[in-house]
Amino acid sequence: TERSMNLAEQAKRVAAEFEFGPGNVRKAVKEFVREMDEGLQKEGTELSQIPTYVTAVPNGTEKGLYMAVDLGGTNFRVCSIQLHGNTTFSLTQSKVAIPHELMVAKTSKELFSFLAKQIENFLKAHHEDHYTATIKRRQTEGNIKEEEIFDLGFTFSFPVQQIGINKGVLMRWTKGFDIQETIGQDVCALLQKEIDELHLPVRVAALVNDTVGTLMARSYTSPGKTGTLLGAIFGTGTNGAYVEKLDKVSKLTQSKDAGDFDKSTGEMIVNTEWGSFDNSLRTLPNTPYDVELDAKSVNPGIQMFEKRVSGMFLGELLRIALVGLVKDPAIPLFKDENSSQNDVHSTTQIHEGSPIWKQWGIDTSFLSICAGDHSDGHRVIRQTLDKEYGISAVSAEDAEAVREIAFAVGRRAARLAAVAIGAIVLETGRLRSATASGTATTEDKEGVDPPRGTVDSSGRGEVAEEDVIDIGVDGSLVEFYPNFEEHIRQALREVEEIGEQGEKRIRIGIAKDGSGVGAALIALVAGRMT
Ligand code: ADP
């Protein structure tokens, strides 16, 4: 019918606005590389490129018992991690909600003494023998032995200025925390002080960013001995941390305020804070839907990459696009066949109280449902719209229109994710470092073609282990959005300097539990350095 054709055309038009083609990807990769280099040289750039003072990634042979704690929002998590040294580990953990009055306490001590108390409870519950032995030794000998002390990694997901591997000053609280006294203080020292008051055998060895934890966790557990290059998160937010050559981190190596650290590996993990890539919109797409989302956000003009890529925002982009169509009386989306009045609420099939009318009303998991619905007439989409979003009697044409737009939003996000991944692969020169088994020259020259993987008889490229460029990812979006990785790969192939050969060398794997095993591994490398 004319009616459904109109709707299909409108859906195609909106979906087309979310196209981010090969040319756009290439331009954005160039800009990302430029911002990476700029961020390594100076402060106040779009990519913050924060030096983490972590100078090595694990290879899976690391052993020992470590602790990790995670303060990120509503909960405080305490764990101990036994690294078995064969890429596996066991983890014991406990979790407790942070009482609201401590989030807004008068003094830092109120919060941090509570955290130390949780560590004590954990030790008593899960490492009782060890705990009582150290208490006894302290009473009889006055002090405990170095090897009895647990090294602990502290994942602290608030903005900190890191000045050493276990030293970082709180810049500001977020997520509902508000303790004035803590701002400007070293959060590791605050935690250590309370741990010491309880005489716990625990040393805060490392301050951990969650993306660095993801990188470390993946590097320990990934198959093969080649260390992981990049840890990336695509969850509520998005960010990545990667292994950089130390001499390129000139803002650190040439700074007089830099803390002391081990320079022997010649590398340092850098936290890109890529959520703010291209805030000035040189290369990022900017549809009317992006403009509206940004204008109504709490932080207009910043985190512009994140607003196009991460789980917090994709559902909202879809919602804005759909509401735009619904509000246009000429477009039949979710409208009664016979209606022609101008009052949106009374003429649509959308319930007045539907979350679709409210900011943040559509969750990004709905995009996954749309991309994954292969049923006849998109039955799953229609059911979800009915049950979760209060939109009744949705037609197959309506569902197809929703699916098409949702798919475009999700695919654009994945292609933008590829921009960050591709830029880091290129900037670090990993494609140029061929191996003994590779067919290209090993000279690290500018402009050398990417080496080919060894091609098996079936003609499918098979990559030698040494040529693999390993990437660890975490977050619900990359884990649950159908074919997110495939969309990333498609875009990577479109970047000439990567191409099909380069894309094959990139291995992407889920890295779980960065704030547990990842933090433990950072505590381990930190312990080795001191
Ligand atoms: P966090 O990043 O907060 O640690 P997650 O990795 O679970 O936690 O990410 C949560 C985000 O992922 C939310 O924005 C949510 O909307 C989105 N999300 C949850 N489930 C899915 C799904 N099935 N598909 C896509 N996105 C999802």
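Under an unreviewed UniProt entry, the protein chain has the name glucokinase and belongs to Massariosphaeria phaeospora. In the Sequence similarities (unreviewed entry) part of its UniProt record, the protein chain is described as follows: "Belongs to the hexokinase family."

Another point: the nonpolar core. Side chains of a nonpolar character, in soluble globular proteins, are inclined to be buried together. Counting 149 residues, the largest nonpolar core has Ile-405, Ile-421, Ile-522 and Ala-523 as the members making the most contacts within it. Among the elements that line this core, the one with the most residues is helix α15 (residues 396-427), at 19 residues. Mapping this core onto the domain boundaries places at least three of its residues in each of domain 1 (61-208) and domain 2 (281-411). Residue contacts for Ile-405: discarding those within four places in its chain leaves Ala-11, Val-14, Ala-15, Leu-318, Ala-321 and Leu-322.

What follows concerns the sheet that holds strand β2 (residues 63-71). Taken together, five strands build an open sheet; the order of strands is β4-β3-β2-β5-β8 and the sheet is mixed. A strand with exactly one partner marks an edge of an open sheet, and here the two such strands are β4 (89-97) and β8 (202-208). The average angle at which neighbouring strand axes cross in this sheet is 20°, direction not considered. Where β2 meets strand β3 (residues 75-84), nine bridges bridge the pair, whose relative direction is antiparallel. Looking across to β3, one finds that Asp-70 is bridged to Arg-77. Running at roughly 160° to β8, helix α6 (residues 187-197) makes contact with β5 (150-156) and β8 of the sheet.

Attention now goes to the site of the ligand. Near the ligand there are 13 residues, and of these Gly-235, Gly-311, Ser-368, Ser-476 and Phe-480 occur at the shortest range. When residues of the shell around the ligand are traced back to their parent elements, those giving at least two are α11 (311-327), α13 (365-372) and α16 (476-480). Considering each element in turn, the shell around the ligand owes the most residues, three residues, to α16. Its residues placed into classes, the shell around the ligand shows four nonpolar, eight polar and one charged.

On to the sheet that holds strand β13 (residues 506-510). What the six strands build is an open sheet, ordered β1-β11-β10-β9-β12-β13; its pairing is mixed. The sheet is open, and its two edges are formed by β1 (50-51) and β13, each paired on a single side. Bridge analysis of strand β9 (residues 230-234) against strand β10 (residues 238-245) gives five bridges, and the strand direction is antiparallel. Paired with Ala-232 across the bridge in β10 is Gly-240. Along the sheet, α15 contacts β9, β10, β12 (469-474) and β13; its crossing angle with β9, the most-contacted strand, is approximately 170°.

With that settled, consider the pairing of β5. Most of β5 is tucked away, with seven of its seven residues classed as buried. Two strands pair when backbone bridges link them, and β2 and β5 are joined in this way by five bridges, in the parallel orientation. Paired with Leu-71 across the bridge in β5 is Phe-156. For β5 and β8, the ladder comprises six bridges, and the chain directions are parallel. Each bridged residue has a counterpart across the sheet, and for Gly-153 the counterpart in β8 is Ala-206.

With phi around 55°, Phe-334 is a residue other than glycine that occupies positive phi space. Mapped onto the secondary structure, Phe-334 falls in the loop between α11 and α12 (344-347). We classify Phe-334 as buried; it has 25 C-beta atoms within 10 Å. One non-glycine residue, Asn-483, lies in positive phi territory at about 65°. Here Asn-483 is to be found in the loop between α16 and α17 (484-494). Accessibility expressed as a C-beta count within 10 Å gives 15 for Asn-483, which makes it partly exposed.

Moving on: the UniProt feature "domain: Hexokinase N-terminal" (unreviewed entry) in the protein chain. Residues annotated by UniProt as "domain: Hexokinase N-terminal" (unreviewed entry) correspond here to residues 11-220. Annotation note: span residues 11-220, helix share 41%, strand share 25%, distance between end C-alpha atoms 45 Å.

Given a rise of 1.5 Å per residue, 19 residues ought to cover 27 Å, and the 27 Å separating the end C-alpha atoms of helix α4 (residues 108-126) matches this to within 8%. Buried within α4 we find Ser-108, Leu-111, Phe-112, Leu-115, Ala-116, Ile-119, Phe-122 and Leu-123. Buried residues of α4, viewed axially, fall in a sector of 130°; they line one side. Exposed side chains of α4 directed beyond 90 degrees from the buried face belong to Lys-124 and Ala-125.

Turning our eyes to something else, we now look at the domain arrangement of the protein chain. Here the domain parsing of the protein chain yields domain 1 (61-208) and domain 2 (281-411). Taking only C-alpha atoms into account, the centre of domain 1 sits 43 Å from that of domain 2.

Below, the discussion takes up the packing of α13 against α15. Where α13 contacts α15, the two axes come as close as 9 Å, and the packing angle between them is 115°. Between α13 and α15 lies a crossing of left-handed hand. Residues Leu-367, Cys-370 and Ala-371 of α13 touch α15, and the partners they reach there are Val-402, Arg-403, Ala-406, Phe-407, Val-409 and Gly-410. Looking at the contact of α13 with α15 residue by residue, the class counts come to seven nonpolar, one polar and one charged.

Bringing the packing of α13 against helix α14 (residues 379-387) into the picture now. One can describe the packing of α13 onto α14 by two numbers: an axis separation of 8 Å at closest approach and a directional angle of 150°. The orientation of α13 with respect to α14, classified from their angle, is roughly antiparallel. Note on packing geometry: the crossing formed by α13 with α14 is left-handed. Contact residues: Phe-366, Ile-369 and Cys-370 in α13; Val-380, Ile-381 and Thr-384 in α14. Looking at side-chain class alone, the contact of α13 with α14 contains five nonpolar, one polar and no charged residues.

Cut-offs used in this document
Residues numbered from 1 in each chain as written. Predicted model: local features only at pLDDT ≥ 70, side-chain atom pairs only at ≥ 80, totals over all residues. UniProt positions renumbered as here; feature names shortened; annotations may be inferred. Core = buried A, V, L, I, M, F, W, Y, C linked by C-beta atoms within 7 Å. Buried ≥ 20, exposed ≤ 12 C-beta atoms within 10 Å, placed from the backbone. Helix = DSSP H or I, 4+ residues; strand = E, 2+ residues; numbered from the N terminus. Domains from an automatic or database assignment. Contact = placed C-beta atoms within 7 Å. Pairing = 2+ DSSP bridges. Axes fitted to C-alpha atoms, helices over the stretch in contact; angles between N-to-C directions. Near = placed C-beta within 6 Å. Nonpolar A, V, L, I, M, F, W, Y, C, P; charged D, E, K, R; others polar. Expected span 1.5 Å × (residues − 1). Arc of directions from axis to C-beta. Left-handed = near helix turned anticlockwise from the far one by under 90°. Parallel < 35°, antiparallel > 145°, perpendicular 65-115°, else oblique.

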